[in-house]
Amino acid sequence: MKVSYYPGCSLHGTGREYAESTEAVFKSLGTELVEIEDWNCCGASSGHSRNRDVAVGLPARNLLLAKKSGFTDMVIPCSACFQRTKVAEHELKNHPEMFPEIKYDGGVHIMDIVTFVSENIGIDTIKKKIKKHLDGLKAVTYYGCLTMRHPSITGSKDFENPRNMDALLTALGIDVLDWSYKTDCCGGSLVLTRPDIVWELSGRLYDKAIEAGAECIVTLCPLCQGNLDQQQAEISKKNNRKYNLPVFYFTELMGLAMGEGDVNTWFKRHLVDPTALLKSKKFL
Amino acid sequence: MVNATEEIKKETASAEDNKAGIAGSTSGFPVSMKVYKLKDLKPFSREIIKSSGENINNCYQCKKCSNGCPITYAMDIQPHLIIKMIQLGMEKEVLGSKTIWLCAACETCGTRCPNEIKLADMMDSLRQMAETKGYVLGQKNASIFHKSFLDSIEKYGRVYEIGMIRDFTIKASGLFGKFFDGSLMRDGKLGIKLIKKGKLGFSPHKIKGTAQIKEIFKKLKRG
Ligand code: SF4
Ligand code: SF4
């Protein structure tokens, strides 16, 4: 199976291990990711903050490129890129008169990566590929904001308590713990303008994850992973508490369980080193 | 007390008097709620409804939005009050607030609002209006950040992080300001770590279609 793939800027930069692990895992599962040729940035939060037309125009160019190459399905790992592309699709469908320059009449099915993996690839296929069960790893899943919200845009049905990433990780043997913060905000792009807000919100997430008994946090969003991983040392200082909570992309753990890809290279890119935890479980 | 009772009586009476402009009561209770038309609203309220497409006039102040908002503790005006103040035409206070810049567009509020108001879209309109009307912005560096970010896309088609952050830092506080409050050291150290981890590149990736990107910015920038 071939599918159109929009990595977005984060996966080429701060979220490189997300791209590397995604590509390795998909290859092993028999799905070829075809990166959209010459894709552009989706505009992220700055696009919609400044101008609605730019916010729709940027993702629309990517949609048109994917369509031109004949694809009907498009996978987007980054939550923000996924949501911005869905917003563009929604606006073009419901208010075409506002964007007369853009000739896009639909036809590309935009999917977030977890939905694609769960529904189009399926847990049974994944189970067959598992070489090493990650038994006994205690994790909380963290979905963040934009894969789910706003549900009228994303189409999510489980927006208050999403469970599809939980199911994938459970299939790998991971002990997925209950907590109430799956879709709470980490502070997002405020990290550059009001880092204190990110420290407050992300610090609370660590506290609650530990309270739930987690040894690590697993996410699907490169902005969430960025904040939770890169700011952890600073937040530890501020809160006077040594957190040491590795923050994984779910695809990294899939790769680890499936014995696919260069896991050590991925883990070396983390600021909070996950290798000690994984060694203590004999996964490395 | 007397005055308040008098007021209520007056309202009820006028409800019965003016059937055309008043919501009819099907339950048998006297209804004194006026059905507002767009033209009856304060100009500021009308502008926001038009530009955001969100009917903020449906808000009944249940506060569900503010109760679920993760950032209220840092805001100067809570989200439900932003709506009330727009209805009252308090343009200066709303457009000069920090709130409109601190909203992280997490969409928790809009997802839970019983009246289907997407407050995040309303916040976008407020940010844009605050800039075009030339208000002193409540959180100026947020606006500078968004500009630096979009400049980077306009130039390269993708974000060039190091260039964008450098541009933002210089414009937002000047290197001196960042140096003296210690944040330059903190951010610089983190930056070096990220470079070592292979997460930040030193040169921008310029896409082939930058002419099309310029066109998106030019043709679509109406306001
Ligand atoms: S949740 Fe909706 S109706 Fe309730 S106060 Fe907020 S905007 Fe108004
Ligand atoms: S979208 Fe903005 S106002 Fe609404 S809950 Fe999130 S941060 Fe608060």
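Residues numbered from 1 in each chain as written. Chains lettered and ligands numbered in written order. Predicted model: local features only at pLDDT ≥ 70, side-chain atom pairs only at ≥ 80, totals over all residues. Heavy atoms only, no water.

Caption draft 1: The arrangement of helix H4 (residues 52-68) of chain A in detail. Residue and element names in this part refer to chain A. Spanning 17 residues, H4 covers 24 Å between terminal C-alpha atoms, matching the ideal 24 Å at 1.5 Å per step. Across the 17 residues of H4, 13 count as buried, placing the element largely inside the fold. Near the N-terminus of H4, the side chain that reaches the backbone nitrogen of Asp-53, with its oxygen 2.7 Å away, is that of Asn-51. The positive-phi residue at the C-terminal boundary of H4 is Gly-70, with phi of around 85°. (Helix = DSSP H or I, 4+ residues; strand = E, 2+ residues; numbered from the N terminus. Expected span 1.5 Å × (residues − 1). Buried < 20%, exposed > 50% of the residue type's maximum accessible area, 1.4 Å probe, protein only. Polar contact = N/O pair within 3.5 Å; in protein donor to acceptor, adjacent residues only side chain to side chain.)

Caption draft 2: Summary view of the nonpolar core. Ranked by internal contacts, the top residues of the largest apolar core, which has 145 residues, are Phe-250 and Leu-253 of chain A together with Met-122 and Leu-126 of chain B. Setting aside its immediate chain neighbours within four residues, Leu-126 of chain B contacts Phe-44, Ile-48, Ile-82, Ile-86, Val-94, Leu-95 and Ile-100 of chain B. By size, the runner-up hydrophobic cluster in this structure holds six residues, among which are Tyr-156, Tyr-160, Leu-190 and Leu-194 of chain B. (Core = buried A, V, L, I, M, F, W, Y, C linked by side-chain atoms within 4.5 Å. Contact = heavy atoms within 4.5 Å.)

Caption draft 3: Looking closely at the sheet that holds strand E1 (residues 2-5) of chain A. All names here are of chain A. The four strands lie next to each other as E2-E1-E3-E4, forming an open sheet whose pairing is parallel. Edge positions in the sheet fall to strand E2 (32-35) and strand E4 (109-112), since each has one partner strand and no second. Shown here is a sheet whose adjacent strand axes are inclined to one another by a mean of 40°, direction ignored. Contacting strand E3 (73-76) and E4, helix H5 (residues 79-94) runs over the sheet at an angle of about 155° to E4. (Pairing = 2+ DSSP bridges. Axes fitted to C-alpha atoms, helices over the stretch in contact; angles between N-to-C directions.)

Caption draft 4: Inspection of the state of the cysteines at higher detail. Counted under the stated rule, the structure contains zero disulfides over all chains. Looking at the unpaired Cys-42 of chain A, the closest cysteine sulfur is the one in Cys-81 of chain A, lying at 4.1 Å. (Disulfide = S-S within 2.5 Å.)

Caption draft 5: Quick look at the site of ligand 1. All names here are of chain B. By nearness alone, 14 residues border ligand 1, and Cys-59, Cys-62, Lys-63, Cys-65 and Cys-113 come closest of all. At the level of elements, helix H3 (64-68) and helix H4 (79-87) are the ones that each hand at least two residues to the shell around ligand 1. A breakdown of the residues in the shell around ligand 1 according to their chemical character gives nine nonpolar, three polar and two charged. (Near = heavy atom within 4 Å. Nonpolar A, V, L, I, M, F, W, Y, C, P; charged D, E, K, R; others polar.)

Caption draft 6: Structural detail: the pairing of E1 of chain A. All names here are of chain A. Alignment of E1 against E2, held across four bridges, turns out to be parallel. In the sheet register, Val-3 faces E2, and the bridge partner there is Leu-33. Across two bridges, the pairing between E1 and E3 is parallel. Directly across from Ser-4, in E3, lies its bridge partner Met-74.

Caption draft 7: Looking closely at the pairing of E3 of chain A. Residues and elements named next belong to chain A. In this structure, E3 lies alongside E4, joined through four bridges in parallel fashion. What sits directly across from Val-75, in E4, is Met-111. A crossover connection joins E3 to the parallel E4 through H5; in handedness this β-α-β unit is right-handed. (Right-handed = clockwise from strand over helix to strand, strands pointing away.)

Caption draft 8: A look at the domain arrangement of chain B. Residue and element names in this part refer to chain B. Along its sequence, chain B is carved into domain 1 (38-138) and domain 2 (140-222). Put simply, the middle of domain 1 and the middle of domain 2, counted by C-alpha atoms, are 28 Å apart. Domain 1 puts four residues into the contact, and the matching count from domain 2 is five residues. Surface buried jointly by domain 1 and domain 2 totals about 350 Å² across both partners, of which 62% is contributed by carbon and sulfur atoms. Per-residue buried area on domain 1 facing domain 2 is highest for Trp-101, Glu-131 and Leu-137; these three make up 87% of the total on that side. On the surface where domain 1 and domain 2 come into contact, there are one salt bridge. (Domains from an automatic or database assignment. Buried area = accessible area lost by both parts, 1.4 Å probe. Salt bridge = Lys/Arg side-chain N within 4 Å of Asp/Glu carboxyl O.)

Caption draft 9: Structural context of the interface of chain A and chain B. On the side of chain B, 55 residues touch chain A, which itself brings 61 residues to the contact. The tally of links from chain A across to chain B stands at four salt bridges. Among the ionic pairs, Arg-50 of chain A bridges to Glu-131 of chain B, the shortest N-O distance being 3.2 Å. At the surface where chain A touches chain B, the tally comes to 26 residue pairs in polar contact (both at pLDDT 80 or more). Of the residues contributing to the side of chain A that touches chain B, the split by class is 22 nonpolar, 22 polar and 17 charged.

Caption draft 10: Structural view of the sheet that holds strand E8 (residues 247-249) of chain A. All names here are of chain A. Read across the sheet, four strands follow the order E6-E5-E7-E8 without closing on themselves; strand pairing throughout is parallel. Two strands lie at the open edges of the sheet, namely strand E6 (175-176) and E8, each paired on one side alone. Note: strand E5 (residues 138-142) against E6, two bridges, orientation parallel. Looking at E6, one finds that Ala-139 is bridged to Val-176. Contacting E5, strand E7 (216-219) and E8, helix H12 (residues 222-230) runs over the sheet at an angle of about 160° to E8.

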